[in-house]
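Next come the chains, spelled out residue by residue.
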Amino acid sequence: MLTENSRIREVYAHPVGHDILRKVLLLTGRSDRILENPLVGSLRLRALPKLSGGKICQGFLDALLELLNGEPDRPQDDCAAETPAWWKEAVFYQIYPRSFKDSDGDGVGDLRGISEKLDYLKGLGVDAIWLSPVYDSPNDDNGYDIRDYKKIMAEFGAMADFDGLLEGIHLRGMRLIMDLVVNHTSDEHEWFKKAVEAPDSAYGSYYIFRDEPNNWTSWFGGSAWRFTEKRQQYFLHLFSQKQPDLNWDNPNVRREVHEMVRWWLHKGVDGFRLDVINLISKRQGLPDGDTLIGTLTGYTGMEHYFYGPKLHEYLKALKKEAFAPYDAFSVGETPGFGIEMSKLLTAEGRDELDMVFNFDQLETPGHTRFDDYCYDLNYYKEYITGWMENYGTRCRMSLFYDNHDNPRMVSKIDPGLRYRDVLAKLLATMQLTLRGTPFLYQGQELGMVNGAFSSVDALRDVESLNMYAELVKTMSPADAFKKILTGTRDHARTPMQWTDGKYGGFSEAVPWLVGGDDYIACNAAAQDSDRESVLNFYRSLISLRKSYKALVYGEVKIVNKKEKDLFTYWRTDADASFYIECNLGRTPKRHKAIPAGAALAHSNYPDPPQQFLRPYEAIIWKV
């Protein structure tokens, strides 16, 4: 058991301690190399409050030790051969249905619109579609607040439309995974209505109620508790006030979830992406959160639920009771997790999840999504090198940049968009040649960028609107809007750009979200016939990946690790070898150790390679 007398190196050797210490350093903008210093490693935990000048308090130590001592398991690190699986070889494509394609002219994307574009996705090389929520919902959080798990949202169509979409996907040899949102529901779900109206009924403990709130804060701002008059109690909502958290400690809740998952899998769905799934287990008693941890993370109380005491138990049961009988795929969204904790969820033999999404690569040290800065790809190089070298063959990494919750990566790196196309192709090269499973997000294959929003009235994201309402209490409306504009989720939710026609070919009506006129210059129709377009670059690169197992299962070896702006690595198996060169900056870089006889397999510049790697140039050599 670890105590206050334990040394930093002992904590760092623990999987939970390893990831928490690295996360703290990331949030404070410091390098994790400090943890490898022998002097730092020899320090005892009890010395930290004094050494930090009081910034680290006793509450922080208590929370840390509780998390450490609550996890007895250790990841298994070995060199076993990787077990092949379809989802390891697949290229996934996330669709945000509201913004993909409108088929009925109401300004909102729908299921029939997706069906219309299945040949486009097949032609891109997509193997599996990840569909953001299409369940019945009042849309407080764009479908992530589910009112009925077995009904389709009216704006998106009917169950017959879903069945037709699923059939069309399978006829084209593709698969479908859906979003599974079971940390919380909508407050309009029948379970919650019954819990409020009949506290003594079987549904009375389906959610988390208290007579008095603790100090936990919501991820969408403000308190994580809302008072309900009918029940005369507060209920927990880690997200929107209309998204009450389910009480997973109630076995009836778990049985309901298992049954619902089996219902969808029986229909033919191939798996699920599990929304904030690591938050489902809360610490007994719901103790107050440490204020230091709340300040560092922005979420007071998260140490009591981001890696809850029964998380593994609940995930193992979900796998056994629902996923395993259908051999279904699962990928979990796990905010706050690092590499070692991820191994404990995904390693073969753990029987929990197949993969997880980690987010530490999306912001550089010391920055958050709402900070105005230019992303430095050298951090991505450092981050991804650590995962390539340490995640092992028993686990599979998810490779992604864009998704529905984050601004576009091209805009974060190059806000002026001077290198837009070549940068989009560089990102594609790394994503499709590193070890892991790539997850593309709609529009990424076109090089789509952040929306051009001129006022807060143009935004629809509940998180951004809540933040704006809080910020205007202490700053001017202009400054508040500037702050939220850097990180609003609406940047990734602007409609898909199909043509240069009205509304980008997305709809015949005004779209639910209008993000500017970028579709005139960037759209699928124009890029389809342009041999040098970002779209055709993705098509050819995905085809290359499918042609060589070395780019899927091959060994990865990172070289030239210390040189800034240069990212070079090998992918090798018994049949083929590839050497990949990437210039991560705008200054030309000299080629390093190109093997004799190497043949050019792919490049993100239209003309042949030159003496130096040009800004953001990426070259794949086949050896």
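Cut-offs used in this document
- Residues numbered from 1 in each chain as written.
- Predicted model: local features only at pLDDT ≥ 70, side-chain atom pairs only at ≥ 80, totals over all residues.
- Heavy atoms only, no water.
- Pairing = 2+ DSSP bridges.
- Helix = DSSP H or I, 4+ residues; strand = E, 2+ residues; numbered from the N terminus.
- Contact = heavy atoms within 4.5 Å.
- Axes fitted to C-alpha atoms, helices over the stretch in contact; angles between N-to-C directions.
- Core = buried A, V, L, I, M, F, W, Y, C linked by side-chain atoms within 4.5 Å.
- Buried < 20%, exposed > 50% of the residue type's maximum accessible area, 1.4 Å probe, protein only.
- Polar contact = N/O pair within 3.5 Å; in protein donor to acceptor, adjacent residues only side chain to side chain.
- Phe/Tyr/Trp six-rings, centres within 6.5 Å; stacked < 30°, edge-to-face > 60°.
- Lys NZ or Arg CZ within 6 Å of the ring centre and 35° of its normal.
- Left-handed = near helix turned anticlockwise from the far one by under 90°.
- Nonpolar A, V, L, I, M, F, W, Y, C, P; charged D, E, K, R; others polar.
- Salt bridge = Lys/Arg side-chain N within 4 Å of Asp/Glu carboxyl O.

1. Looking at the sheet that holds strand 5 (residues 175-180)
Inference 1: One open sheet accounts for eight strands, arranged 11-10-9-5-2-1-13-12; its pairing is parallel. The open sheet is flanked by strand 11 (355-357) and strand 12 (398-399), the only strands paired with a single partner.
Inference 2: The pairing of strand 1 (residues 92-95) with strand 13 (residues 437-441) spans three bridges and is classified as parallel. What sits directly across from phenylalanine 92, in strand 13, is phenylalanine 439.
Inference 3: Across the sheet, helix 13 (residues 311-323) lies against strand 5, strand 9 (271-274) and strand 10 (329-333), angled at about 155 degrees from strand 9, the strand it touches most.

2. A short note on the nonpolar core
Considering soluble globular proteins, one finds that nonpolar side chains tend to be buried as a cluster.
Inference 1: Of all hydrophobic cores here, the largest spans 192 residues; its most connected members are Tyr93, Phe162, Val261, Phe272, Leu377 and Met430.
Inference 2: It is helix 17 (residues 420-433) that contributes the most residues to this core, eight residues altogether.
Inference 3: Once residues lying within four places of it in the same chain are set aside, the contact partners of valine 261 are Leu180, Phe272, Leu318, Ala322 and Phe323.
Inference 4: Of all hydrophobic cores here, the second largest spans six residues; its members include Leu566, Leu613, Ile619 and Trp621.

3. Considerations on the side chain of aspartate 141
Inference 1: Inspection of the secondary structure puts aspartate 141 in the loop between strand 3 (135-136) and strand 4 (148-152).
Inference 2: Of note is the side chain of aspartate 141, whose polar atom sits 3.3 Å from the side chain of glutamine 243.
Inference 3: A polar side-chain atom of aspartate 141 sits 3.0 Å from a polar atom in the side chain of arginine 489.
Inference 4: Not counting residues up to four positions away in its chain, the partners in contact with aspartate 141 are Phe220, Gln243, Val462 and Arg489.

4. A few points about the packing of aromatic side chains
Inference 1: All told, the structure shown has 41 aromatic pairs when counted by the stated rule.
Inference 2: Pairing phenylalanine 192 with phenylalanine 235 gives two aromatic rings, centres 4.9 Å apart and planes at 70 degrees, and the pair type is edge-to-face. With phenylalanine 192 in helix 10 (residues 190-197) and phenylalanine 235 in strand 8 (residues 233-236), this residue pair connects regions lying 43 residues apart in the sequence.
Inference 3: Of the residues examined, phenylalanine 235 reaches a relative accessible area of 1% and is grouped as buried.
Inference 4: For the ring pair phenylalanine 567 and tyrosine 569, a centre distance of 4.9 Å and an interplane angle of 45 degrees mean the geometry is tilted. By the burial criterion, phenylalanine 567 is buried, and tyrosine 569 matches it.
Inference 5: Connected via pairs of aromatic rings, a cluster forms that spans Trp86, Trp87, Phe92, Trp130, Phe329, Phe357, Phe359, Phe400 and Phe439.
Inference 6: Positioned over the ring face of tryptophan 86 is arginine 175, at 4.2 Å from the centre of the ring.

5. So, the environment of arginine 46
Inference 1: Tracing the backbone shows arginine 46 in the loop between helix 3 (38-42) and helix 4 (48-51).
Inference 2: According to the relative accessible area criterion, arginine 46 is partly exposed, its value standing at 46%.
Inference 3: Along the chain, arginine 46 and glutamate 229 lie 183 residues apart, while their C-alpha atoms are 45 Å from each other.
Inference 4: If we skip the residues at most four places from it in the chain, arginine 46 touches Glu4, Asn5 and Leu61.

6. Side note on the packing of helix 2 (residues 15-27) against helix 5 (residues 58-69)
Axes are the key here: two packed helices are described by the angle between their axes and the distance separating the axes.
Inference 1: Packing of helix 2 against helix 5 brings their axes to within 9 Å, and their N-to-C directions diverge by 145 degrees. The handedness of the crossing between helix 2 and helix 5 comes out as right-handed. Contacts between helix 2 and helix 5 pair Val16, Gly17, Ile20 and Val24 from the former with Phe60, Leu64, Leu67 and Leu68 from the latter.
Inference 2: Of the residues assigned to the contact of helix 2 with helix 5, the class counts are seven nonpolar, one polar and no charged.

7. Some words on the pattern of salt bridges
Inference 1: Throughout the structure, instances matching the rule amount to 49 salt bridges.
Inference 2: Among the ionic pairs, aspartate 161 bridges to arginine 112, the shortest N-O distance being 2.7 Å. One end of the pair, aspartate 161, is in helix 9 (residues 159-171); the other, arginine 112, is in helix 7 (residues 111-116), and 49 residues separate them in sequence.
Inference 3: For aspartate 161, a relative accessible area of 14% gives the class buried.
Inference 4: Arginine 112 gets classed as exposed once you look at its relative accessible area, which sits at 54%.
Inference 5: Here glutamate 389 and lysine 561 are joined by a salt bridge, their closest N and O atoms 2.5 Å apart. Placement of glutamate 389 in helix 15 (residues 377-390) and of lysine 561 in the loop between strand 14 (555-559) and strand 15 (566-572) is noted, with a sequence separation of 172 residues between them.
Inference 6: Residues joined in a network through salt bridges with shared partners are Asp141, Arg369, Asp405, Asp461, Glu463, Arg489 and Arg493.

8. A short note on the pairing of strand 2 (residues 128-131)
Two faces belong to every sheet, and in a regular strand the side chains alternate between them.
Inference 1: Across the two faces of strand 2 the burial is the same, with Ala128 and Trp130 and Ile129 and Leu131 all buried.
Inference 2: Note that strand 1 and strand 2 share four bridges and pair parallel. Bridging from a neighbouring strand, phenylalanine 92 pairs with alanine 128 of strand 2.

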